[in-house]
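Each chain, letter by letter, is given below.
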Amino acid sequence: MSRPPRRRLHPEARKLEIVEAAERLLQANGGRARVEDVVREAGVAKGTFFLYFPTWDDLLETIRQRLVAQFDTAYPLPTEVEGPVDWPGLVESQALAFIEFTLSRRGVGEAVFHSDFAERRPLADHAIHRLAAVIRAGQEAEAFGPVDPDATGRLLYAVIHEAADAVAGGGDRAAIQGALQHVLRRTLAP
């Protein structure tokens, strides 16, 4: 039986097909997906996969960068130029958005943030730097107390991440989110 001819795509479109196929498989199966599964899902040859991604880790790196960019795009940080910012409310809404985002992409997240890959290629502290920047801006607006933004951002990120893990593990979402909001308010209070 012959296969239908492959349609010609721009290289970036073909690469995106592979990435999206991998994301679907990782979301469904976590880290159990393999190159063979991805090429079957994307309808490409194994050689095509390796043309765009010399290693499996290169594919996972691309997916991780996409996830970070998707979060940043979906939940942009406002500036005082756009009008007054409710800094405590912003920290809380970003924390809750992180939980929601994490839960909606659990399988992919496990593969790119909590796997051997993540140990081989640690992610720069993007989320921590983002949180620290919000704390600094909130301090400049006199909405937050005199805490060290970098250390506090690191610790609050750990609390937010643990809250997401607890909800994913079946914990009482309302109670966990309420406790998280309390910790955030108390920690950053002026």
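Procedures and definitions
Residues numbered from 1 in each chain as written. Predicted model: local features only at pLDDT ≥ 70, side-chain atom pairs only at ≥ 80, totals over all residues. Heavy atoms only, no water. Axes fitted to C-alpha atoms, helices over the stretch in contact; angles between N-to-C directions. Helix = DSSP H or I, 4+ residues; strand = E, 2+ residues; numbered from the N terminus. Parallel < 35°, antiparallel > 145°, perpendicular 65-115°, else oblique. Left-handed = near helix turned anticlockwise from the far one by under 90°. Contact = heavy atoms within 4.5 Å. Nonpolar A, V, L, I, M, F, W, Y, C, P; charged D, E, K, R; others polar. Salt bridge = Lys/Arg side-chain N within 4 Å of Asp/Glu carboxyl O. Buried < 20%, exposed > 50% of the residue type's maximum accessible area, 1.4 Å probe, protein only.

(A) Geometry of the packing of helix α4 (residues 56-74) against helix α6 (residues 106-113). Direction vectors running N to C along α4 and α6 enclose 125 degrees, while the axes themselves pass 9 Å from each other. Here α4 is positioned oblique relative to α6, judged by the angle of their axes. For the crossing formed where α4 meets α6, the hand is left-handed. Where α4 abuts α6, its residues L60, I63, R64, L67 and V68 lie against V108, A111, V112 and F113. A class-by-class count of the residues in the contact of α4 with α6 yields eight nonpolar, no polar and one charged.

(B) Quick look at the pattern of salt bridges. Going through the model one piece at a time under the given rule, you end up with 16 salt bridges. Among the salt bridges present, the one from R14 reaches E17, with a minimum N-O distance of 2.7 Å. Here R14 pairs with E17, and both are found in helix α1 (residues 11-29), just three residues apart, close to one helical turn. One exposure class covers both R14 and E17, and it is buried. The partner of K46 in a salt bridge is E36, with the nearest N and O atoms 2.7 Å apart. Here the residue K46 occupies a position in helix α3 (residues 46-52), and E36 occupies one in helix α2 (residues 35-42), the gap between them amounting to ten residues.

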